[in-house]
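Spelled out, the chains give:
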Amino acid sequence: DQQVKQNSPSLSVQEGRISILNCDYTNSMFDYFLWYKKYPAEGPTFLISISSIKDKNEDGRFTVFLNKSAKHLSLHIVPSQPGDSAVYFCAASGYGGSQGNLIFGKGTKLSVKP
Amino acid sequence: EAQVTQNPRYLITVTGKKLTVTCSQNMNHEYMSWYRQDPGLGLRQIYYSMNVEVTDKGDVPEGYKVSRKEKRNFPLILESPSPNQTSLYFCASSFGSGGHEQYFGPGTRLTVT
């Protein structure tokens, strides 16, 4: 059973507009959530994270929102740029003795059109 | 330059022939981890290590072994590779687990025939 789900395999957005990537999870005990970006032929790179005790974290153009009651998080990119075109992975870290266990979603491919 | 290196970057092998993929980091990170990426399945964690001599299974550990004898190195061992282990493998490291940023290596493309 998938614990971290990204239900949209792809998203297309116009340059300058907002990109919203969504992620749902099933385990209410996850303590951290992270977003990674991946370009083809490269390893993933970290974007932003949020602790389960917060509901928002912002870093420049990137903001992550966490809705614990809905077990949902989203990544907002404003304004979107063509260089943001990549696959975005949502991830959740385990809890307690399994803090090292990181569970990824299947990814959403974002295309930002000039 | 702070980095995670993996070798080899590409490998084609045959079923049953033992192989090792090396991973090394120069950031003095305590935490290291291995993932595999497959089409439609995203990234799945194979094994992780919280520190030297401390390793634990991720979500898909079957068919793999790891060791952490030194802080900087975390090799992935396939004792008897099978075609279903054909995948893109990534090593990663970070100062800690949980919400810490993980630095990923460039990946190793493995094909088992």
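Structure report, in brief. The structure displayed is predicted, hence computed values, not measured ones.

1. Points about the nonpolar core
- Grouped together as the largest cluster of nonpolar side chains are 24 residues, with contacts concentrated most on F33(A), W35(A), L73(A), L75(A) and Y88(A).
- Contributing elements (two or more residues each) for this core: β3 (19-25), β4 (32-38), β5 (45-51), β7 (62-67), β8 (72-77), β9 (86-93) and β11 (108-113) of chain A.
- Per-element accounting of this core gives the leading share, 4 residues, to β9(A).
- Once residues lying within four places of it in the same chain are set aside, the contact partners of L75(A) are S19(A), I20(A), L21(A), W35(A), L47(A), I48(A), F62(A), T63(A) and Y88(A).
- Formed by 19 residues, the second largest nonpolar core is a distinct cluster that contains M27(B), M32(B), Y47(B) and L78(B).

2. As for empty space enclosed by the protein
- Scanning all chains against the criterion turns up 1 cavity of 30 Å³ or more.
- In this model, the largest cavity occupies a volume close to 30 Å³.
- Taken together, S93(A), Q99(A), G100(A), L102(A), Y31(B), G96(B), S97(B), G98(B), H100(B) and Q102(B) make up the lining of the largest cavity.
- Broken down by class, the residue content of the lining of the largest cavity amounts to 2 nonpolar, 8 polar and no charged.

3. Let's talk about the packing of aromatic side chains
- Evaluated as defined, the whole model comprises 12 aromatic pairs over all chains.
- Between F89(A) and F104(A), the aromatic rings sit 6.3 Å apart at their centres with planes inclined by 85 degrees, giving edge-to-face as the arrangement. One end of the pair, F89(A), is in strand β9; the other, F104(A), is in strand β10 (residues 102-104), and 15 residues separate them in sequence. A single burial state applies to F89(A) and to F104(A), both of which are buried.
- An angle of 80 degrees between the planes, with centres 6.4 Å apart, marks the rings of F90(B) and F104(B) as edge-to-face. In this pair, F90(B) is assigned in strand β9 (residues 87-94) and F104(B) in strand β10 (residues 103-104), connecting sequence segments 14 residues apart.

4. A few points about the interface of chain B and chain A
- Chain B puts 23 residues into the contact, and the matching count from chain A is 22 residues.
- At the boundary of chain B with chain A, total buried surface from both sides reaches about 1600 Å², with 56% on carbon and sulfur atoms.
- Applying the counting rule to chain B against chain A returns 0 salt bridges.
- There are 5 residue pairs in polar contact (both at pLDDT 80 or more) connecting chain B and chain A.
- Among the elements of the structure, β4 (31-38) and β5 (42-51) of chain B are those that each provide at least two residues to the side of chain B that touches chain A.
- Looking at the side of chain B that touches chain A, the element that brings in the most residues is β5(B), giving 5 residues.
- Residue classes in the side of chain B that touches chain A are distributed as 9 nonpolar, 11 polar and 3 charged.

5. Description of the environment of F104(A)
- Given the relative accessible area of 6%, F104(A) is considered buried.
- The sequence separation of F104(A) and L34(A) amounts to 70 residues, and the corresponding C-alpha distance is 9.0 Å.
- When neighbours within four sequence positions are excluded, F104(A) is seen to be in contact with V4(A), Y36(A), F89(A), C90(A), A91(A), Y35(B), L43(B) and F104(B).

What counts, and at which threshold
- Residues numbered from 1 in each chain as written.
- Chains lettered and ligands numbered in written order.
- Predicted model: local features only at pLDDT ≥ 70, side-chain atom pairs only at ≥ 80, totals over all residues.
- Heavy atoms only, no water.
- Core = buried A, V, L, I, M, F, W, Y, C linked by side-chain atoms within 4.5 Å.
- Buried < 20%, exposed > 50% of the residue type's maximum accessible area, 1.4 Å probe, protein only.
- Helix = DSSP H or I, 4+ residues; strand = E, 2+ residues; numbered from the N terminus.
- Contact = heavy atoms within 4.5 Å.
- 1 Å grid on protein atoms, 1.4 Å probe; cavity = no way out; pocket = protein on both sides within 12 Å on 5 of 7 lines; lining within 4 Å.
- Points joined across faces, edges and corners; volume = space filled by probe spheres on them.
- Nonpolar A, V, L, I, M, F, W, Y, C, P; charged D, E, K, R; others polar.
- Phe/Tyr/Trp six-rings, centres within 6.5 Å; stacked < 30°, edge-to-face > 60°.
- Buried area = accessible area lost by both parts, 1.4 Å probe.
- Salt bridge = Lys/Arg side-chain N within 4 Å of Asp/Glu carboxyl O.
- Polar contact = N/O pair within 3.5 Å; in protein donor to acceptor, adjacent residues only side chain to side chain.

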